[in-house]
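Observations on the model geometry
Residue-level listing of the chains:
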Protein chains: 2
Amino acid sequence: MEEIIELLQTKGYKMTPQRRAVIKALFDCGQFPTAQDILDYAKKINPDMGIDTIYRNLNLLTEIGVLNQITIKGRDVSVFEIASKHHHHLICLACGKMECLDYCPIMADSEKIAQEKNFKIMGHNLEIYGYCAACQAG
Amino acid sequence: MEEIIELLQTKGYKMTPQRRAVIKALFDCGQFPTAQDILDYAKKINPDMGIDTIYRNLNLLTEIGVLNQITIKGRDVSVFEIASKHHHHLICLACGKMECLDYCPIMADSEKIAQEKNFKIMGHNLEIYGYCAACQAG
DNA sequence: CTCACTGCAAAGGCTTTGCAGATTC
DNA sequence: GAATCTGCAAAGCCTTTGCAGTGAG
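Now for a quick tour of the structure. (Residues numbered from 1 in each chain as written. Chains lettered and ligands numbered in written order. Predicted model: local features only at pLDDT ≥ 70, side-chain atom pairs only at ≥ 80, totals over all residues. Heavy atoms only, no water.)

1. Quick notes on the protein's contact with DNA strand C
As a reminder, the rule being used: By convention in these notes, a residue is near a molecule or strand provided one of its non-hydrogen atoms lies within 4 Å of it. Any pair of nitrogen or oxygen atoms within 3.5 Å is treated as a polar contact; in protein, a donor-acceptor pairing is required on top of that, and neighbouring residues in sequence qualify only through side-chain atoms on both sides.
In the neighbourhood of DNA strand C, 22 residues make up the surrounding shell, with A:Lys14, A:Asp52, A:Thr53, B:Lys14 and B:Tyr55 lying closest. Each atom of DNA strand C within 4 Å of the protein belongs either to a base or to sugar and phosphate, the latter forming 68%. Measuring from a base nitrogen of DNA strand C, one finds a side-chain N or O atom of A:Arg56 at 2.8 Å. Within the side chain of B:Lys14, a nitrogen or oxygen atom sits 2.7 Å from a base oxygen of DNA strand C.

2. Some thoughts on the pairing of strand β5 (residues 120-131) of chain B
The criterion, for reference: Note: two strands are recorded as paired if DSSP finds a minimum of 2 bridges between them. The helix count covers DSSP runs of H or I at least four residues long, the strand count covers runs of E at least two residues long, and both are numbered beginning at the N terminus.
As paired elements, strand β5 (residues 120-131) of chain A and β5(B) share 11 bridges and run antiparallel to each other. Its bridge partner lying in β5(B), A:Leu126 is registered against B:Leu126. Pairing of strand β3 (residues 88-92) of chain B with β5(B), which is carried by four bridges, proceeds in the parallel orientation. Bridge pairing in β5(B) places B:Leu90 opposite B:Ile128.

3. Some words on the interface of chain B and chain A
One frequently used descriptor of interface size is the decrease in accessible area upon assembly of the parts. Filter applied, for reference: The contact criterion used is simple: two residues touch if any of their non-hydrogen atoms lie within 4.5 Å. Buried area is understood as the total, over both parts, of accessible area removed when two parts are fitted together, assessed with a 1.4 Å probe. The salt bridge definition used is simple: a Lys or Arg side-chain nitrogen within 4 Å of an Asp or Glu carboxyl oxygen.
With 33 residues of chain B in contact, the opposing surface of chain A contributes 33 residues. Together, the buried faces of chain B and chain A total about 3100 Å²; carbon and sulfur atoms form 63% of this surface. Considering only the surface of chain B that becomes buried against chain A, B:Tyr103, B:Phe119 and B:Asn125 emerge as the three largest contributors, covering 20% of it. Run the count over chain B and chain A and you get zero salt bridges. Remark: the boundary between chain B and chain A carries 14 residue pairs in polar contact (both at pLDDT 80 or more).

4. Considerations on the relation of the copies chain B and chain A
What counts here: What sets the superposition is a least-squares fit of C-alpha atoms, and only residues with pLDDT of at least 70 in both copies go into it.
For these two chains of identical sequence, chain B goes onto chain A by a turn of 179° and a shift of 0.0 Å along the axis, with RMSD 0.2 Å. Taken together, the turn and the small shift mark the pair as related by a two-fold rotation axis. Relative to the rotation axis, the C-alpha of B:Leu126 is the closest in chain B, positioned 2.2 Å from it. By residue overlap, the copies meet face to face through one surface: 100% of the interface positions of chain B are interface positions in chain A.

From the geometry alone we can't say anything about function, so treat these as descriptive.
Structure follows, in structure tokens:
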């Protein structure tokens, strides 16, 4: 949390109570908050916050690489997570729960893919859909 | 095209001129049409068509598995393609062009992933972002 | 003191929905 | 004839944007 604040200051961004509230929310809101989740939490700290400020800050943090923005197929909202080691997600079709998956099957094959098509790979997006342990049992 | 019409009829859906126009558009509109592209084309056949009919039919066709609906990160529209052999897409960050990629790196590893997390995989979603041959050259 | 940030309110854009009338089968 | 399908219009929803005022550095 402190590193993020420092990074913002280094880059010349100002530290407002609202911005601080957003950052705190990212750590306290659970793993994959939506903009609305962040707002709900941030309002406890700063009741006057608007959703637009949330979006502005989430977008800023995404731009500077602090956050990942994740779009889930068939859902109309983005969720966010603090960017760390490259990974992907398992998404349960029944309960919607998301789990992180450290393993990345793309890395190993990227060279091959790139050569075949003369395509220069810069990144990728992978979500795996299925049923989590709990929902298989239930 | 005929197979799709037959499938719809088998399932009890009615065949209207509008629906036929949508299906024809899917074959004639190029590879990754948006709802709007389909509308533009379908209007040539049936000028009175509304965008809502397009969406209703695209959603129907997606539900019965005839179409894939693809959501591209950072873009706000869905594109559609006729579902065929399982594959993924290379998406150019410069020009937005999409190419199909027959190779699927997930299949090979799915067993492993499933076991690790006790997660039952039903499907996945992969897009690879980078620069196409033309844009690398330009 | 200056420039960035916030809140408000409104717009934007894609997609969906309610409804009454028209059409398939 | 019954049920689906269409067009219209409007709403819904998430997200973005313009603007004037506020606040950080």
